[in-house]
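Examination of the molecular architecture
Next come the chains, spelled out residue by residue.
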Amino acid sequence: MPISVTSIYRYPVKGLSPEPLERVTLAPGECLPHDRRFAIAKAASRFDPAQPAWLPKTNFFMLMRDETLAQLRTRFDEQSGFFTIERDGRTLLRARITDAAERATIDAFFAEFLKDAPGNPPRVVEAPGHTFSDAEQKPDSTTYKYVSLVNLASVGELEKVVRIAVDPLRFRANFYLSGLPAWNELDWAGSEIMAGNARLRVVSPITRCAATSVNPATATRDLNIPAILQKEFGHNIMGVYAEVVGGGEVAGGDGVSRAH
């Protein structure tokens, strides 16, 4: 069975809901356009938009500690800058996240929504050219901007041991792949692959944190995914990070293969 891209997602705001894409154009050394472009910084966060630098995710509100964020469904329109927040099918807020004045209303929304969470008051942050990736720059990489890939067959192996359906969106990947035997993606480290017309170099496996224990449909912690992975498979890995080394378009259904 040929390996292919089953689905594509971006996450405009770190820790908030995914947005499905039919296709995406990747550029060398960059992540998906607008992926993790914004983050909700904690009050004590040292992030400086004037001098942006990678910071550990503990500086931001995210699912690892703030599972209530999964109650929200959010959308970002990069053309207009409008950011929409919904819960249970009802629109709670619509404001331009790219406008400083309107962004203050978004800050106020999250200050109330996260009022019981340590780190208040929050502030939405961004910086030109910066992405709020969990992954720090790898020693053999030229960038900290990666795309993430998850093999659906590996998720299937996890489902077999927990004996219930596991939503792949727990793993917040950019690309979900089918047609690859379970865990074979871990053998790609250090090699290059073609996904559609883009060339990627796989830089490392993705170790998983407590964010994956949050069910994206219910906003509850119902499975200790890192512990289950470690117990059943001897590691807490699901997916791989890859660096874009050759730009091009990737669409749902496109083939994936080792590059030559």
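Reference entry: report on the structure contained in this document. Since the structure is predicted, the reported quantities are computational estimates derived from the model, not experimental observations.

1. Describing the overall build of the protein chain
Tallying secondary structure elements over the protein chain gives 3 helices and 15 strands in all. In terms of overall size, the protein chain behaves like a compact globule, its C-alpha atoms giving a radius of gyration of 18 Å where 260 residues would be expected to give roughly 18 Å. Referenced to the eigenvectors of the C-alpha coordinate spread, the extents of the protein chain come out at roughly 50 × 40 × 35 Å. Taking all 260 residues of the protein chain together, 52% fall into the buried category. Sequence separation of 24 or more characterises 69% of the internal contacts of the protein chain that already satisfy a separation of 6 or more. Accessible surface, the protein chain: about 11700 Å² in total, of which carbon and sulfur atoms supply 51%. Averaging the coordinates of the 30 positive side-chain charges in the protein chain and doing the same for the 31 negative ones gives two points 3 Å apart.

2. Overview of the nonpolar core
Ranked by size, the top nonpolar core spans 28 residues in total, and within it L69, F83, I97, I106 and F110 carry the most contacts. When contributions to this core are tallied by element, the ones reaching two or more residues are β6 (82–87), β7 (90–96) and α1 (100–113). Broken down by element, this core gets its largest block of residues, 4 residues, from α1. With sequence-adjacent residues up to four places away left out, L69 is seen in contact with G15, L16, F61, M62, L63, F110, F113 and L114.

3. A closer look at the sheet that holds β7
On the basis of which strands lie adjacent, the open sheet formed by 3 strands has the order β5-β6-β7 and antiparallel pairing. With one partner strand each, in any of the chains shown, β5 (73–76) and β7 form the two edges of the open sheet. Taken over all neighbouring pairs, the strand axes of this sheet differ in orientation by 15 degrees on average, direction set aside. As paired strands, β6 and β7 are joined by 6 bridges and run antiparallel to one another. Directly across from E86, in β7, lies its bridge partner T91. Set on the sheet, α1 makes contact with β6 and β7; between it and β7 the angle comes to about 140 degrees.

4. Some thoughts on the packing of aromatic side chains
Note on aromatic pairs: each is described by the distance of the centres and the angle between the planes. Applying the stated rule across the entire model yields 8 aromatic pairs. Across from the ring centre of F82, 3.9 Å away, lies the NZ or CZ of R94, which sits over that ring.

5. A word on the sheet that holds strand β10 (residues 175–178)
Hydrogen bonds between backbone groups are what pair the strands of a sheet, and the pairing can be parallel or antiparallel. The strand order across the open sheet built from 8 strands is β2-β1-β10-β9-β13-β12-β11-β15, with neighbouring strands paired in mixed fashion. Unpaired on one side and paired on the other, β2 (19–21) and β15 (256–258) mark the two borders of the sheet. Recorded for the sheet is a direction-independent mean angle of 35 degrees between the axes of neighbouring strands. Pairing of strand β11 (residues 192–195) with strand β12 (residues 198–207) involves 4 bridges; the strand directions are antiparallel.

6. Describing helix α3 (residues 225–233)
For α3, the set of buried residues is I225, P226, I228 and L229. Taken down its axis, α3 places every buried residue within 165 degrees of arc, on the same side. On its buried side, α3 packs onto α2 (152–162) and β13 (237–246). Positive phi appears at G234, one or two residues downstream of α3, with a value of about 75 degrees.

7. Focus on the environment of S191
Along the polypeptide, S191 turns up in the loop between β10 and β11. Along the chain, S191 and A27 lie 164 residues apart, while their C-alpha atoms are 18 Å from each other. Apart from residues no more than four positions distant in its own chain, S191 is found in contact with L200, R201, V202 and R258. One polar contact links the side chain of S191 to the main-chain carbonyl oxygen of W188, over a distance of 2.5 Å.

8. Observations concerning the pairing of β10
Burial along β10 is two-sided: F175 and L177 facing one way and Y176 and S178 facing the other are all buried. Pairing of strand β1 (residues 4–10) with β10 involves 4 bridges; the strand directions are antiparallel. Its bridge partner being in β10, S4 is matched across the sheet by S178. Alignment of strand β9 (residues 147–151) against β10, held across 3 bridges, turns out to be parallel. Pairing of V150 across the sheet is with Y176, part of β10. Assessed by its sense of winding, the connection that carries the chain from β9 through α2 to β10 is right-handed.

About the thresholds
Residues numbered from 1 in each chain as written. Predicted model: local features only at pLDDT ≥ 70, side-chain atom pairs only at ≥ 80, totals over all residues. Heavy atoms only, no water. Helix = DSSP H or I, 4+ residues; strand = E, 2+ residues; numbered from the N terminus. Rg over C-alpha atoms; globule rule 2.2 N^0.38 Å. Buried < 20%, exposed > 50% of the residue type's maximum accessible area, 1.4 Å probe, protein only. Contact = heavy atoms within 4.5 Å. Areas by Shrake-Rupley, 256 points an atom, 1.4 Å probe, with all protein chains shown as cover. Lys, Arg positive; Asp, Glu negative; His and termini not counted. Charge placed at Lys NZ, Arg CZ, Asp CG, Glu CD. Core = buried A, V, L, I, M, F, W, Y, C linked by side-chain atoms within 4.5 Å. Pairing = 2+ DSSP bridges. Axes fitted to C-alpha atoms, helices over the stretch in contact; angles between N-to-C directions. Phe/Tyr/Trp six-rings, centres within 6.5 Å; stacked < 30°, edge-to-face > 60°. Lys NZ or Arg CZ within 6 Å of the ring centre and 35° of its normal. Arc of directions from axis to C-beta. Polar contact = N/O pair within 3.5 Å; in protein donor to acceptor, adjacent residues only side chain to side chain. Right-handed = clockwise from strand over helix to strand, strands pointing away.

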